[in-house]
Amino acid sequence: MSRNFKDLADRAKAGWSEDTRAVYEAAGTTFDAEIASSVELGAMLAAARKARELTQPALSSATGIQQAEISRIERGLGNPTAATLSRLAAALGQKITLTRVP
């Protein structure tokens, strides 16, 4: 009897209704898109910071945002507020724009 997580999860999913499976798949797709967006935002922030030849500590000093939070955002692990993004963008000479996603 296998006890790894994937096997346990597969056994649990086998009893799901089609509606439950559809909700699970939709949630997974949404989660994957949010993760991809966070990683993309982090890469853009890191690129803008490096283009200005700033270190994370220097950006932290300029914005008052902790260096550890800047690091989390750049690695796609942070969940920055609009105010945090605004402060970072201003310090980097950037602006925030919203784009409609199809």
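Owing to the predicted nature of the structure, the values given are computational and were not obtained by experimental measurement.

What counts, and at which threshold
- Residues numbered from 1 in each chain as written.
- Predicted model: local features only at pLDDT ≥ 70, side-chain atom pairs only at ≥ 80, totals over all residues.
- Heavy atoms only, no water.
- Helix = DSSP H or I, 4+ residues; strand = E, 2+ residues; numbered from the N terminus.
- Buried < 20%, exposed > 50% of the residue type's maximum accessible area, 1.4 Å probe, protein only.
- Arc of directions from axis to C-beta.
- Contact = heavy atoms within 4.5 Å.
- Polar contact = N/O pair within 3.5 Å; in protein donor to acceptor, adjacent residues only side chain to side chain.
- Salt bridge = Lys/Arg side-chain N within 4 Å of Asp/Glu carboxyl O.

## Side note on the environment of Ala-27
Note on placement: Ala-27 falls in helix H2 (residues 18-51). We classify Ala-27 as partly exposed; its relative accessible area is 44%.

## Quick word on the environment of Ser-37
Along the chain, the position of Ser-37 falls in helix H2. Here Ser-37 falls in the partly exposed class, since its relative accessible area comes to 44%. Placed 22 residues apart in sequence, Ser-37 and Gly-15 show a C-alpha to C-alpha distance of 32 Å.

## A closer look at helix H3 (residues 56-63)
If you check which residues of H3 are buried, you get Gln-56, Leu-59, Ser-60 and Thr-63. Looking straight down H3, one finds its buried side chains confined to an arc of 105°; they lie on one side. Away from its buried face, by an angle of more than 90 degrees, H3 presents the exposed residues Ser-61 and Ala-62. Packed against the buried residues of H3 are H2, helix H4 (67-74) and helix H5 (82-91). Measuring from the backbone nitrogen of Ala-58 back to the side-chain oxygen at the start of H3 gives 3.0 Å, which picks out Thr-55 as the cap. With its phi angle positive at about 80°, Gly-64 sits one or two positions after the end of H3.

## A word on the pattern of salt bridges
Tallying each qualifying case throughout the model produces 3 salt bridges. Close ionic contact of Glu-74 with Arg-49 constitutes a salt bridge, the shortest N to O distance being 2.6 Å. Of this pair, Glu-74 sits in helix H4 while Arg-49 sits in helix H2; the two residues are 25 residues apart in sequence, bridging distant segments of the chain. Here Glu-74 matches Arg-49 in class, with each residue buried.

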